[in-house]
Amino acid sequence: SAVISQKPSRDICQRGTSLTIQCQVDSQVTMMFWYRQQPGQSLTLIATANQGSEATYESGFVIDKFPISRPNLTFSTLTVSNMSPEDSSIYLCSGGGSYYNEQFFGPGTRLTVL
Amino acid sequence: SQQGEEDPQALSIQEGENATMNCSYKTSINNLQWYRQNSGRGLVHLILIRSNEREKHSGRLRVTLDTSKKSSSLLITASRAADTASYFCATDNQAGTALIFGKGTTLSVSS
């Protein structure tokens, strides 16, 4: 199994600012993803982080709001831009192999926007 | 969009009892995974069952999959207070890569 860490674990931010969340995997993984979990809700996929190319975004999520980088097979960042209180959520990254393999999750970043 | 739907939404039991959670999904899948989340923290992977498997065990966990009914169940036997958490089922998306999560079942085990 892969061990995934995220930084920061939590943050309180002001409206209009941006926050970059880092995700580090202890081994190379083929796929990395970013999810959002709004309060009391389930997880929603934001995007697939593609190594060396632009991320693939799900419907309702755009690159200008959630720019993602993935410079190598073990690291990715998600930026939440121009934040509003509606962005208050837990953001989780995950990593795994192909769809035959399990996906493992980081501990999440709890974001509160005032 | 959500693929899996768990039921019940909430379940309260006593320690030592068994807990059963169900998950239904809409489209064909390659595999189905169950996760546990403690109080808004990260997700812990519990078990993966492939579409050609019918049953899988891991410790006190038993997962079944019925592809004809598009449903799965998670059974936790001899529950403990530490099993108190939210449980989610997740299926692969159309591309067969990322996961689509159900709404989850909140399990409360009291001692």
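Everything discussed here concerns the structure shown above.
Predicted, not measured: the structure shown is a model, and the values here were computed from it.

Attention now goes to the overall build of chain A. Tallying secondary structure elements over chain A gives zero helices and 11 strands in all. Along chain A, helices (α) and strands (β) appear in the sequence β-β-β-β-β-β-β-β-β-β-β when read from the amino end. By the compact-globule yardstick of 13 Å for 114 residues, chain A fits well, its C-alpha radius of gyration being 13 Å. When its C-alpha atoms are laid out on the principal axes, chain A stretches across 40 × 25 × 20 Å. Counting over 114 residues, chain A shows a buried share of 51%. Excluding contacts between residues fewer than 6 apart, the proportion of contacts in chain A whose partners are at least 24 apart in sequence is 54%. Of the roughly 5,400 Å² of accessible surface on chain A, a fraction of 47% belongs to carbon and sulfur atoms. Taking the 7 positively charged and 8 negatively charged side chains of chain A as two groups, their mean positions are separated by 8 Å.

Once that is clear, we can look at the nonpolar core. Formed by 26 residues in total, the largest nonpolar core has its most connected members in Trp34(A), Ile46(A), Phe66(A), Ile68(A), Leu78(A), Tyr91(A) and Leu111(A). Those elements that place two or more of their residues in this core are β3 (19-25), β4 (31-37), β5 (43-49), β8 (75-80), β9 (89-96) and β11 (109-113) of chain A. Of all the elements, β3(A) adds the most residues to this core, at four residues. In this structure, Ile13(B), Cys23(B), Ile47(B) and Leu107(B) belong to the second largest nonpolar core, which totals 22 residues.

The next point concerns the state of the cysteines. All names here are of chain A. In total, this model carries two disulfides over all chains according to the counting rule given. Two residues, Cys 23 and Cys 93, share a disulfide whose sulfurs are 1.9 Å apart. The disulfide joining Cys 23 to Cys 93 has a torsion of about 75° about its S-S bond and is therefore right-handed. Pair noted here: Cys 23 is in strand β3 and Cys 93 is in strand β9, with a separation of 70 residues, a long-range link. Cys 23 gets classed as buried once you look at its relative accessible area, which sits at 0%. Exposure remark for Cys 93: the relative accessible area of 0% places this residue in the buried category. Cysteine Cys 13 remains unbridged, with the sulfur of Cys 93 as its closest cysteine sulfur at 17 Å.

Reading guide: rules and limits
- Residues numbered from 1 in each chain as written.
- Chains lettered and ligands numbered in written order.
- Predicted model: local features only at pLDDT ≥ 70, side-chain atom pairs only at ≥ 80, totals over all residues.
- Heavy atoms only, no water.
- Helix = DSSP H or I, 4+ residues; strand = E, 2+ residues; numbered from the N terminus.
- Rg over C-alpha atoms; globule rule 2.2 N^0.38 Å.
- Buried < 20%, exposed > 50% of the residue type's maximum accessible area, 1.4 Å probe, protein only.
- Contact = heavy atoms within 4.5 Å.
- Areas by Shrake-Rupley, 256 points an atom, 1.4 Å probe, with all protein chains shown as cover.
- Lys, Arg positive; Asp, Glu negative; His and termini not counted.
- Charge placed at Lys NZ, Arg CZ, Asp CG, Glu CD.
- Core = buried A, V, L, I, M, F, W, Y, C linked by side-chain atoms within 4.5 Å.
- Disulfide = S-S within 2.5 Å.

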